Amino acid sequence: MARADRYRRQTVLPEIGRDGQKVLSGSTAVIVGLGALGCVSADLLARAGIGRLRLVDRDVVELVNLQRQTLYTEADLDRPKADVAAERLWLVNSGIDIEAVPRDLHAGTAEAVLRSADVIVDGTDNLETRYLLNEAALDARIPFVYGGAIATYGMVFGIRSPDTACFRCLTPKPPPPGALPTCDTAGILNAASAQVGALQAGEVLRMLLGVPPSGDLLVVDAWRPEIQRIRVARRSDCPACVAGERTSLGAKKSQVLVSLCGGETVSVDPRHDGDVDLDALGRRLAKVGRVRRAGSILIVDADGRHLTVFPDGRALIRGVKDEAQARSVYAKYVGV
Ligand SMILES: [Zn+2]
């Protein structure tokens, strides 16, 4: 089949057409978080022929992910999700540009990670990153497609300020730590996360083609099943989209950022500028444990701890009981 025919089943849709396809081919979507939602939206957007996809994720593939994260297989365990997702989608569509970014997104990396984006897709699992993405989208005046799923439910909200409320209008204040259920504690139905990812991909296509956003929050119950639309008004006192505060983007660089990824894995990010010499680090750590290179990453097993070290110096540490222990393991093996 001629390459021109590749998108025929969607260009025949009056909602897209050949002109719409050209717009999609010239667009850049950044998908932040390649878990259950990001796998589905990235897959659909690659197949739909979005010209450039940037796939951002800080984690590696774990066995417990395979129940719902549809781009990965058992052969991918312990590899960076961004790399695996990009390789898989290159096989799906070689006619688009796909960039793997196995980095943590924070105030220090946001500009580089989100550069020249036409739309930002939320595949994250935490409010901190969503506030940051919301602010970056407001600054760049580009759409941000929020998505979340837990248990048998999910939510999607297509944000394009000032036509709609922003994420901060929707969630003005973060609840106290531990107040929200997580996938670890509440579980997740894969049919729920897949629906949310698919709805997000649809929102991305609509936004890129200039369709006015509905301004409604979509609430999916995948078990009943049912989808509701809830009107979300823009808050006249919103610090982000009205007052222009950039609390998350302007956050001071801390020396080491530590965050729990669920279970016993902790991410430690030294917020180092530039790459570290993983070969030299590997030689040093070979004296204290088992070390191997796997593509761009370094994997170390020492004293019952499993470390995955990325080229920018960030490490995922498994087998520690809390953040303090993670910091000390990082300092001991990698150094700050
Ligand atoms: Zn707002």
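From a predicted model like this one, the values you see are computed outputs, not experimental measurements.

1. Focus: the sheet that holds strand β1 (residues 28-32)
Backbone-to-backbone hydrogen bonds pair the strands of a sheet. The strands run either parallel or antiparallel. Taking strand neighbours across the sheet as the criterion, the eight strands line up as β3-β2-β1-β4-β5-β6-β7-β8 in an open arrangement whose pairing is mixed. The open sheet has two edge strands, β3 (97-101) and β8 (226-231), and neither has a second partner. Across the sheet, the axes of successive neighbouring strands diverge by a mean angle of 15°, strand direction being ignored. Pairing of β1 with strand β4 (residues 119-122), which is carried by four bridges, proceeds in the parallel orientation. Bridge pairing in β4 places I31 opposite V121. Contacting β2 (52-56) and β3, helix α4 (residues 81-92) crosses the sheet at an angle of about 165° to β3.

2. Side note on the environment of D104
The topology assignment puts D104 in the loop between β3 and α5 (110-114). Residues D104 and D57, spaced 47 residues apart in sequence, show a C-alpha to C-alpha distance of 6.7 Å.

3. Some words on the layout of surface pockets
Taken as a whole, the second largest pocket spans an internal volume of roughly 170 Å³. Taken together, A110, E111, L114, R115, A117, I120, A136, D139, A140, I142 and L249 form the lining of the second largest pocket. Looking at the lining of the second largest pocket, the elements that each hand over two or more residues are α5 and α6 (127-140). Grouping the amino acids of the lining of the second largest pocket by side-chain chemistry returns eight nonpolar, no polar and three charged.

4. Looking at the coordination of the zinc ion
For the zinc ion, every protein donor is listed as C166 (SG), C169 (SG), C238 (SG) and C241 (SG), and the spread of their distances is 2.3 Å. Of note, the donors binding the zinc ion are all from one chain and are spaced C-x2-C-x68-C-x2-C. Residue C166 is found in the loop between β6 (153-159) and α7 (167-170), and its partner C238 is found in the loop between β8 and β9 (257-260); the two are separated by 72 residues along the sequence.

5. Digging into the packing of aromatic side chains
Counted according to the given criterion, the structure contains two aromatic pairs. Aromatic pair Y146 and F167: ring centres 5.0 Å apart, planes at 45°, arrangement tilted. Of the two residues, Y146 is situated in strand β5 (residues 144-150) and F167 in helix α7; the sequence distance between them amounts to 21 residues. Here Y146 and F167 have matching classes, each one buried. One cation-aromatic arrangement involves R168 over Y131; the distance from NZ or CZ to the ring centre is 5.6 Å. The ring of F310 is capped by R314, whose NZ or CZ atom sits 4.2 Å from the centre of that ring.

6. Points about the nonpolar core
Ranked by internal contacts, the top residues of the largest apolar core, which has 36 residues, are L45, L53 and L55. Breaking this core down by element, the ones donating at least two residues are β1, α3 (36-47), β2, α4, β4 and α9 (190-208). Tallying contributions element by element places α4 first for this core, with six residues. Contacts of L45, omitting those with residues within four sequence positions, involve I31, I50, L53, V121, A201, V204 and L205.

Each value, and the rule that gives it
Residues numbered from 1 in each chain as written. Predicted model: local features only at pLDDT ≥ 70, side-chain atom pairs only at ≥ 80, totals over all residues. Heavy atoms only, no water. Pairing = 2+ DSSP bridges. Helix = DSSP H or I, 4+ residues; strand = E, 2+ residues; numbered from the N terminus. Axes fitted to C-alpha atoms, helices over the stretch in contact; angles between N-to-C directions. Contact = heavy atoms within 4.5 Å. 1 Å grid on protein atoms, 1.4 Å probe; cavity = no way out; pocket = protein on both sides within 12 Å on 5 of 7 lines; lining within 4 Å. Points joined across faces, edges and corners; volume = space filled by probe spheres on them. Nonpolar A, V, L, I, M, F, W, Y, C, P; charged D, E, K, R; others polar. Donors = N, O, S within 2.8 Å, 3.2 Å for Na, K, Ca; no water. Phe/Tyr/Trp six-rings, centres within 6.5 Å; stacked < 30°, edge-to-face > 60°. Buried < 20%, exposed > 50% of the residue type's maximum accessible area, 1.4 Å probe, protein only. Lys NZ or Arg CZ within 6 Å of the ring centre and 35° of its normal. Core = buried A, V, L, I, M, F, W, Y, C linked by side-chain atoms within 4.5 Å.

These results come straight from atomic positions and should not be treated as a statement about function.
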